[in-house]
Amino acid sequence: MLLAQSPSVAHALRLISFGRPEIAWLSRLAAAIGLLTLFTGEAVARQTTPMPPAGPQIAQYVDGDRFQRQYAGALPSLLEEVTRVTSLRADPSPEFIERFDDPALFRYPVLYVNFADRGDWELDASEKQALRDYLERGGFIFLDAGINAAFLRDDPRYGQTHNFPDWQVTPVVEELFAELFPAESFEPLERSHPLFSAFYRGLPDTSSLPETVREFVQNEKWPQGTLSMLGLKVDGRLAVLATPILAMGWEKNEYGQWTNQIAFRVRESSEGLSERLSQAAYDGERFEIRREDGRTDIVYCQPSPMPAWVQEPDGEWRVFRYYQNREISDYAHQFFTRVGVNIFTYVLSGY
Amino acid sequence: MLAAALIGPAVTFAQRPVPIQLPEDPEAVRTVVRALEDLEADDEEVRTGAAMLLGKYPGPEAVKGLTEALADPSVRVRRAAQVSLLAMLPGLPEGSLLALIRTIGDSDVEMRRNVSGHLGLLTQIWRSRRSGYLSRDPSLSAIPGGALTLPGPVAEAIAEALGSDDPATRRNILTQLPSLAIRVEPEQIAALIRDPAEAVSREAIRVGVRYLTSGGVAQIAAENLATRSPEWKLTLIDSLRRYNQPEVVRLFESLAQSEDPQVAEAAQVQLFDRDPSGPMVGELIRALRAGELGTGASVTVIQALNRLPGDEGRELARDLARNSPRASVQAAALGEWFQMEAELPDTSTLLEIFEDSHSTVREELVRLLRDRSGQLPLDLVREMTFSRHRNVREGALALARELPPAAARQVLLDLMLDDDSRLRLDALQELARRRLPGWHGLLLASLRDPRPEIYQGAANLLLFDREGEGLRLLREWVSEHPESDVAAYIERRLGRTFAPTN
């Protein structure tokens, strides 16, 4: 168990070195050992009794009433899961901050923010300075729902129920960080990025999914267990991670059951449908969405904000089909939770 | 090719009773007519595409075509029609709802599995249509006061599908069984508890107590404990935790000896809850102190502490309230400790807890103190105003609202010294709201504050003083300081400066 505990050592060192670059190498060294263990120690870690939490490690930003925050139980559930399946010790109760210039922020190396938990992303000078300082001193921000496809931007709540893969961050977020770090910009995380395999590798078993959905998930939706994420580096280190909403898939109730129903949006076609779609009437809006390869999809909503079909750059039109059943919902929860565990493992291990 | 995505929590029909929308746009009508023609094509690919496209036009014609397509000889077409119709919920008429439910008997396993997860919702909407409760369209609410149980053949098809060869279908039906109101024999449930597929068995245990006695469920479950997983056993413990029949207690005693630590712990917690003087008390309390128990188990044990003999429970609750490795446990212990103590703990102990690093603990203490507002010592609340934790200082403000005027004034004056301008403004507002002595003077002094949120907030409070004295004072102040930021703010706010006072 000595090896299995080493990520905690890494984390402890990271806490000590937080904001002190002169000793940050210590945490990196321990992290390297810790990660090695995590890659090989999954089965062992699962069998152990959860370690008592070492104390709060994660801060969560909520502007206003924290009881009204988005997916209130999601982060605690995920942190419990991190403690359960890895040898990291994460206190399931995050510490809340209401402003980015709250001095308490600097006690926590990781800040979780749901984009919709801040009504207005126009920060004042004090908050901007604090955010810049925090990131320059080694802090990490996980901005959930920081990627909102164009059709989701009219209302922050839309982005809470659509995990739509776009390859650019929400413009207000992009503008903010461009001001804080003019030399840096959000870049897509490559599919081979170590974050995607920090603890879990690949997809959960897809055999429970309907045939059509299974094929789409494996080949297009989440290839090799990855999904659209964008990162901003500060001093060469991944400092801000933006994702489409993930928290929708984390929350469990006190009996260990998932609290939300999640459906899949799948692109489908059949012979002749492309032509029919190109002529079909729609009463929603039409949006351009950036693809991973830099080209553009044109999404038609029928009605807004529900994507109905898409014109792809190769000229093909496909329809969005919405599949929902318990197997799909459970699968989505499992996947999002694995992604969440990977993110926190990557970050808390000192990466 | 690109990745697609998810949509989130399904909106329940009860939240959004949306009737079918009739297409009015001629373009949409043309699209639907063309798709309906395609639905008659010989080529199953064309029919499949039509069924997909019609799903985007939830009008009566499209719904009728899709409902008929549920009987198409091609499984691809049937699947496409089923997914399209399910996406139109809740706006479907009775006939389409029943046709969808009947797909539980389809020859294709994916059709059966897909609808099995929607049976509860489909039945609920169907009942609403029958009673006319939800529909805004009179044609959809045909038989007010009609029978609300599913037609016999449909109910029989569901009951038969409980014996489906697909475990996911069996499990999904079991999950929704209570809301389907169909007749199921207890023997069938007992067989499903014995189901080799654990997911099915776990679901059967959850609903089992509605069809069998809790003792009956415990007896069947005890037959093959050795072959079941820890997760299955945890489900069993959770499902039976409210029952005290002897078979249940015996089962817990057996599970308390499990080699799996989580199962043993969960069973021990249940036994402790029933008899806090039992043999496992020492180990459980050790685990509780060490933070090794899960949150739910910890709370169960903490809530039973008041039944420990003598002062042991109270002392333990007090210790845990002051120091615990888990914030949730500490907060629960704090609540339990307060319940056991008639008097408030001493101020120094409370201040010590207010220094705790967990915000949830500090906030729980504020909440408990608000419930004891009649016992609040002023020195405690005043000390809170100097805490390094913002939420404790906010707590002081909340508690000040419960204090008599003189005491509240002292606390609010302390808060007026706070570095945090929002807190300071809140204190100012409370002073003004209660019209505590000297509030006008404080507001006037705040007009000199360099921070816009403070001087603007103070100006607003004076501006809207209902008795007019504040307005007069503000007018005087602005006339004495015409070049001030406050004067400029008032001009912006009102679109003009104050008229000269006579």
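Residues numbered from 1 in each chain as written. Chains lettered and ligands numbered in written order. Predicted model: local features only at pLDDT ≥ 70, side-chain atom pairs only at ≥ 80, totals over all residues. Heavy atoms only, no water.

Student: Honestly, the overall build of chain A in this entry has me stumped. Any pointers?
Tutor: Counting its secondary structure elements, chain A contains 10 helices and 13 strands. The proportion of buried residues among the 351 residues of chain A is 60%. Within chain A, counting contacts between residues at least 6 apart in sequence, those at least 24 apart form 73% of the total. Total accessible area on chain A stands at roughly 13200 Å², and carbon and sulfur atoms take up 49% of it. (Helix = DSSP H or I, 4+ residues; strand = E, 2+ residues; numbered from the N terminus. Buried < 20%, exposed > 50% of the residue type's maximum accessible area, 1.4 Å probe, protein only. Contact = heavy atoms within 4.5 Å. Areas by Shrake-Rupley, 256 points an atom, 1.4 Å probe, with all protein chains shown as cover.)

Student: So what exactly am I meant to see when it comes to the sheet that holds strand 8 (residues 237-243) of chain A here?
Tutor: In a beta sheet, neighbouring strands pair by backbone hydrogen bonds and run either parallel or antiparallel. Residue and element names in this part refer to chain A. What the 7 strands build is an open sheet, ordered 2-1-3-4-8-7-6; its pairing is mixed. The outermost strands of the open sheet, each flanked by one partner alone, are strand 2 (95-97) and strand 6 (187-188). Bridge analysis of strand 4 (residues 140-144) against strand 8 gives 4 bridges, and the strand direction is parallel. If you follow Phe142 over to strand 8, its bridge partner there is Leu241. (Pairing = 2+ DSSP bridges.)

Student: Quick question: what am I supposed to make of helix 7 (residues 171-180) of chain A here?
Tutor: It helps to recall that an α-helix has 3.6 residues per turn; residues three or four apart then point in one direction. Residue and element names in this part refer to chain A. Those residues of helix 7 not exposed but buried are Val173, Leu176, Phe177 and Leu180. Buried residues in helix 7, looked at end-on, bunch into an arc of 90°, giving them a common side. For helix 7, the secondary structure elements touched by its buried residues are helix 5 (125-136), strand 4, strand 7 (230-234) and strand 8. (Arc of directions from axis to C-beta.)

Student: What is the right way to read a negative patch on the surface from this model?
Tutor: A grouping of Asp63(A), Asp120(A), Glu122(A), Glu174(A) and Glu175(A) is seen on the molecular surface, where their side chains present a negatively charged patch. Inspection of the secondary structure assignment puts Asp63(A) in the loop between strand 1 (58-61) and helix 4 (74-85). (Patch = residues over 30% accessible without salt bridge, like charges linked within 9 Å, V, L, I, M, F, W, Y side chains within 5 Å. Salt bridge = Lys/Arg side-chain N within 4 Å of Asp/Glu carboxyl O. Lys, Arg positive; Asp, Glu negative; His and termini not counted. Charge placed at Lys NZ, Arg CZ, Asp CG, Glu CD.)

Student: Even after reading the chapter, I still don't get the pairing of strand 10 (residues 286-290) of chain A, so can you show me in this structure?
Tutor: Moving residue by residue along a regular strand, the side chains alternate between the two faces of the sheet. Residue and element names in this part refer to chain A. Residues Phe287 and Ile289 of strand 10 are buried on one face, while the alternating residues Arg286, Glu288 and Arg290, pointing to the opposite face, are not. In terms of strand pairing, strand 10 meets strand 11 (residues 296-301) through 5 bridges, oriented antiparallel. From the neighbouring strand, Arg290 faces strand 11, where its bridge partner is Thr296. Connecting strand 10 to the next strand, strand 11, in antiparallel fashion are 5 residues, including Gly294 with a positive phi near 90°.

Student: I'm lost on the environment of Ser274(A) in this one. Help?
Tutor: Residue and element names in this part refer to chain A. Looking at the element boundaries, Ser274 is found in helix 9 (residues 273-279). As a C-alpha pair, Ser274 and Leu143 span 131 residues in sequence and 36 Å in three-dimensional space. If sequence neighbours within four positions are ignored, Ser274 has contacts with Gly315, Glu316 and Trp317.

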